[in-house]
Amino acid sequence: MSRWELLLQVVIFSTGFFYAFTYYVRVSKPIDLQAVADSSLAYLTALITTAFGIGIINLTRIHWRNIKLKRPDWKFSAVLIGSLYWMAIFSMISSPFALDPQGVIIPSSVIAAIVPLWNFLYYDILVSINTSIFSLLAFFIASAAYRAFRVRTLESTILLTAGLLVMIGEAPISNLIWPGFSAIHDWIMFVPNTAGQRGILIGAALSIIAFSVRRMIKS
Amino acid sequence: MVKLSLDLDARTIYLLLILVVTVPVLSHTMLPVPISDTTKAVYQFIENLAKTKPNSLVVLSFDYSTSNVPELHPQAIVVTQQIFSLPLKVIFVAQWADGPSLTDAVLDVIDKGSKKYGVDYATLGYIPNVATLIGMTTDIQQFFPFDTRGNPTSSLQIIQQFPAAKDASFLMTFTGGEPGLDDYLQYWQTPFKIPTAVGATAISAPGYMPFYNSKQIVGILISLRAAAEYEFLTNEVDLSGAVSAMVAQSTSLLLIVFLVILGNVQYFVRSRTVRKGRSR
């Protein structure tokens, strides 16, 4: 391990240990450790924001190079950079992320001109595109359900039966067909599902603790 | 020998799905929706809070992106409308970058009644990371010096009255995944015992059931259906369009059930035919 790696390990361990310690143990004298931890969170926010900025610079460099060297599909890179910066500029002028929403520096007429443009780009373009892409899942699910969901083994039979009953119970019309569907749906969700989810949650939590401790004490 | 030649092409399935979704939506057919316990629990909690602790603080967190709008946005609309009709104060935050814009979209469609911005409600905007989420529990102004409209939070009456998020009497997150409920459970609900509820997509709701059973969360709104149930509870039928979408949801789910059964019948018939062929 190099000197830098050692220093990094020390910083990771100290920070992790400090926050874990202040979360569980209250120390108010001679220094209020909870207050120190709380105030240092503001610096952590600045640190994470800087990392986000580095991400944008990196993205720009990679795609700018694609455009400059006319690499295959460079046009997509141009669209990406254009969309990124136009949306960022519009958002900084008129959106919930606006830098000067009250028009102290940016003229109010500019903000008023950008508002409909931003609303159009965000609510009419972005929301519609994302919603459509998400909705396409329904078509794949319908096709996959017909082709892949087969009763081949005992396990797949249990899974298929439970899945079908939950799906039928989830459809409001099922209550008109037979009220028992809702009761079965609720039982599956509350009893076997909860038991399985608890197992997954506890297992995952133990794994995270083990990984974190290993990361902190790894030398 | 029974010969089943009902092999459905993917395009036929897509066409069937389009039909079972569009016909009910265009015909505006409505369906009575039975109210589930998880939805009723959220509704009752908010109603009781307004009666037992009027003018207490509610935090609504919009932790979803534009792709989750069909499932979660109607929930956000009906719950926000209920809260605005009751003597409660609301702070809007978001753990997802799309949240603040979607908050504005909700505030545009609801009836705000006599509620005044800064006094009864405020939009604080985006919570960029866990550090801010933790920090605002003890001091909102330090982590949100300005709201999304550019007002200093120190000038907002609601923030003067409730300077820390730990003062909240109820938290609800409409979440499309991570970050979402898990972070609130760790940093808000567990240390400060803030009653919490979640509005979830159908796919993530089963993962939240253990928290509901252990009473760590007071209730769950599950997908678009919960929004429709909520509209019936609040007598705001079709405020968000959820009720009129229920027939389309029912028919599309029943179509999928039918396709699964049909696929398996064909599978059995084919397997039987192959077995008979081999025995000959």
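Participant: Any chance you could explain the overall build of chain B here in plain terms?
Facilitator: Counting its regular elements, chain B contains eleven helices and six strands. Principal-axis analysis of the C-alpha atoms gives chain B an extent of 85 × 40 × 35 Å. Across the 280 residues of chain B, 59% fall into the buried class. A fraction of 75% describes how many contacts in chain B between residues 6 or more apart in sequence connect residues 24 or more apart. In the structure as shown, chain B presents an accessible area of about 11200 Å², 59% of it carried by carbon and sulfur atoms.

Participant: Honestly, the overall build of chain A in this entry has me stumped. Any pointers?
Facilitator: When helices and strands are counted, chain A shows eight helices and zero strands. Helices and strands in chain A line up, N terminus first, as α-α-α-α-α-α-α-α. Against the compact-globule benchmark of 17 Å for 219 residues, chain A has a radius of gyration of 27 Å, which places it well outside the compact range. Along the first, second and third principal axes, the C-alpha set of chain A runs to 65 × 55 × 40 Å. Considering only intrachain contacts with a sequence separation of at least 6, the fraction spanning at least 24 residues in chain A is 25%. Here chain A displays about 15000 Å² of accessible surface, and carbon together with sulfur accounts for 74% of that area.

Participant: Whenever I open this one, the domain arrangement of chain A confuses me. Can you help?
Facilitator: Many descriptions give the size of an interface as the accessible area lost when the pieces come together. Examined at the domain level, chain A breaks down into domain 1 (1–51), domain 2 (72–146) and domain 3 (149–216). For domain 2 of chain A versus domain 3 of chain A, the separation of C-alpha centres amounts to 36 Å.

Participant: Sorry, what's going on with helix 4 (residues 108–148) of chain A here?
Facilitator: For helix 4 of chain A, built from 41 residues, the straight-helix expectation of 60 Å at 1.5 Å per residue is met to within 8% by its first-to-last C-alpha distance of 58 Å. Where helix 4 of chain A bends most, at A:Ile114, the angle is about 25 degrees, and the proline A:Pro116 comes one to four residues later. Packing partners of the buried residues in helix 4 of chain A comprise helix 3 (74–93) of chain A together with helix 1 (10–27), helix 3 (69–84), helix 4 (99–109) and helix 11 (242–279) of chain B.

Participant: Would you mind showing me how to read the side chain of B:Asp147 here?
Facilitator: All names here are of chain B. Checked against the element boundaries, Asp 147 lands in the loop between helix 6 (140–143) and helix 7 (157–161). Within the buried set, Asp 147 has no salt-bridge partner at all; the shortest N-O distance to an opposite charge, 5.7 Å, is to Arg 149. Among the polar contacts made by the side chain of Asp 147, one reaches the side chain of Tyr 117 at a distance of 2.7 Å. At a separation of 3.0 Å, a polar atom in the side chain of Asp 147 contacts the main-chain amide nitrogen of Gly 150. Those residues within four positions of Asp 147 in sequence are excluded, and the remaining contacts are Tyr 117, Thr 123, Leu 124, Thr 153 and Leu 156.

Participant: What am I meant to see in the pattern of salt bridges here?
Facilitator: One side chain can pair with another of opposite charge once the charged atoms of both are near each other. All names here are of chain B. Summed over the entire model, instances satisfying the criterion amount to three salt bridges over all chains. Among the salt bridges present, the one from Asp 9 reaches Arg 11, with a minimum N-O distance of 2.7 Å. Using a relative accessible area of 36% as the deciding quantity, one classes Asp 9 as partly exposed.

Participant: Got a minute to help me understand the side chain of B:Thr196 in this structure?
Facilitator: Residues and elements named next belong to chain B. With respect to the helices and strands, the residue Thr 196 is situated in strand 5 (residues 196–200). Within the structure, the side chain of Thr 196 is placed 2.8 Å from the backbone oxygen of Ile 194, a separation counted as a polar contact. With sequence-adjacent residues up to four places away left out, Thr 196 is seen in contact with Phe 170, Leu 171, Leu 181, Gln 189, Gln 216, Ile 217, Val 218 and Gly 219.

Cut-offs applied
Residues numbered from 1 in each chain as written. Chains lettered and ligands numbered in written order. Predicted model: local features only at pLDDT ≥ 70, side-chain atom pairs only at ≥ 80, totals over all residues. Heavy atoms only, no water. Helix = DSSP H or I, 4+ residues; strand = E, 2+ residues; numbered from the N terminus. Buried < 20%, exposed > 50% of the residue type's maximum accessible area, 1.4 Å probe, protein only. Contact = heavy atoms within 4.5 Å. Areas by Shrake-Rupley, 256 points an atom, 1.4 Å probe, with all protein chains shown as cover. Rg over C-alpha atoms; globule rule 2.2 N^0.38 Å. Domains from an automatic or database assignment. Expected span 1.5 Å × (residues − 1). Bend = angle between axes of the 7 residues up to and from the residue. Lys, Arg positive; Asp, Glu negative; His and termini not counted. Salt bridge = Lys/Arg side-chain N within 4 Å of Asp/Glu carboxyl O. Polar contact = N/O pair within 3.5 Å; in protein donor to acceptor, adjacent residues only side chain to side chain.

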